[in-house]
Amino acid sequence: MSGSGEGWPSDGLDDVAGAGYGLWVRGVDYVAGWRVAREAADQLNFALLLAEFEPSELRAVAATNDEGCGVVRMVGLPSAAVRLAVLLEALGGGDGGAL
């Protein structure tokens, strides 16, 4: 459940940083980092579906940073991000405290 663009969900390989964001560094295993991020993004996307977010509204996208470490980015509509923030605030008691 990761990927980006019109083909979502796709295999997500188009999300590996470096493929359009900059140069890849020889010897850095970007794919391994992306795989870790993809597993986390898939889990987060499943939770978002359970919370009734549509993938067209809000989704997690697997990527890597310059060092090849996996990262997960949230992509979505501002209204969906606000809705997620409200849900997370409610889980934290709504008082601005830590979850």
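Summary of the structure given here. Bear in mind the structure is a predicted one, so any value in this text is a computation, not a measurement.

### A few points about the overall build of the protein chain
Right, so step 1: Across its full length, the protein chain holds 2 helices and 2 strands.
Right, so step 2: Counting helices and strands in the order they occur from the N terminus, the protein chain gives α-β-β-α.
Right, so step 3: Counting over 99 residues, the protein chain shows a buried share of 27%.
Right, so step 4: Sequence separation of at least 24 residues holds for 49% of the intrachain contacts in the protein chain that already meet a minimum separation of 6.
Right, so step 5: Entry remark: accessible area of the protein chain is about 6400 Å², with carbon and sulfur atoms responsible for 59%.

### What about the pattern of salt bridges?
Right, so step 1: The final tally for this structure, using the stated rule, is 2 salt bridges.
Right, so step 2: For R38, the salt bridge goes to D42, with nearest N and O atoms at 3.9 Å. Here R38 pairs with D42, and both are found in helix 1 (residues 30–50), just 4 residues apart, close to one helical turn.
Right, so step 3: The class of D42 is partly exposed, set by a relative accessible area of 22%.
Right, so step 4: Between E57 and R83 there is a salt bridge; the shortest N-O distance is 3.6 Å. In this pair, E57 is assigned in the loop between helix 1 and strand 1 (58–64) and R83 in helix 2 (residues 78–91), connecting sequence segments 26 residues apart.
Right, so step 5: The exposure class of E57 is partly exposed, given its relative accessible area of 22%.
Right, so step 6: On the accessibility criterion, R83 (32% relative accessible area) is partly exposed.

### Points about the pairing of strand 2 (residues 70–76)
Right, so step 1: Examined bridge by bridge, strand 1 and strand 2 share 7 bridges and lie antiparallel to one another. Residue pairing in the sheet places V61 in a bridge with R73 of strand 2.
Right, so step 2: Hairpin remark: strand 1 followed by strand 2, antiparallel, with 5 residues in the connecting loop; positive phi at G68, about 90°.

### Some words on the nonpolar core
Right, so step 1: Core analysis: the largest hydrophobic core is formed by 5 residues, namely W34, A37, A41, A60 and A62.
Right, so step 2: Those elements giving two or more residues to this core turn out to be helix 1 and strand 1.
Right, so step 3: For this core, the leading source of residues is helix 1, giving 3 residues.

### Quick notes on helix 2
Right, so step 1: The end-to-end C-alpha distance of helix 2 is 20 Å, a good match for the 20 Å that 14 residues give at a rise of 1.5 Å each.
Right, so step 2: With its phi angle positive at about 90°, G93 sits one or two positions after the end of helix 2.

### A word on helix 1
Since the α-helix advances by 3.6 residues per turn, residues separated by three or four positions end up pointing in the same direction.
Right, so step 1: Its 21 residues place the ends of helix 1 30 Å apart at the C-alpha level, agreeing with the 30 Å of an ideal helix rising 1.5 Å per residue.
Right, so step 2: Taken together, the buried positions of helix 1 are occupied by Y30, G33, W34, A37, A41, N45 and L48. One face of helix 1 carries all of its buried residues, which in axial projection span an arc of 100°. Opposite the buried face of helix 1, by more than 90 degrees, sit the exposed residues R35, V36, E39, Q43 and L50.
Right, so step 3: Taken together, the buried residues of helix 1 touch strand 1, strand 2 and helix 2.
Right, so step 4: With its phi angle positive at about 70°, E52 sits one or two positions after the end of helix 1.

Scoring rules and cut-offs
Residues numbered from 1 in each chain as written. Predicted model: local features only at pLDDT ≥ 70, side-chain atom pairs only at ≥ 80, totals over all residues. Heavy atoms only, no water. Helix = DSSP H or I, 4+ residues; strand = E, 2+ residues; numbered from the N terminus. Buried < 20%, exposed > 50% of the residue type's maximum accessible area, 1.4 Å probe, protein only. Contact = heavy atoms within 4.5 Å. Areas by Shrake-Rupley, 256 points an atom, 1.4 Å probe, with all protein chains shown as cover. Salt bridge = Lys/Arg side-chain N within 4 Å of Asp/Glu carboxyl O. Pairing = 2+ DSSP bridges. Core = buried A, V, L, I, M, F, W, Y, C linked by side-chain atoms within 4.5 Å. Expected span 1.5 Å × (residues − 1). Arc of directions from axis to C-beta.

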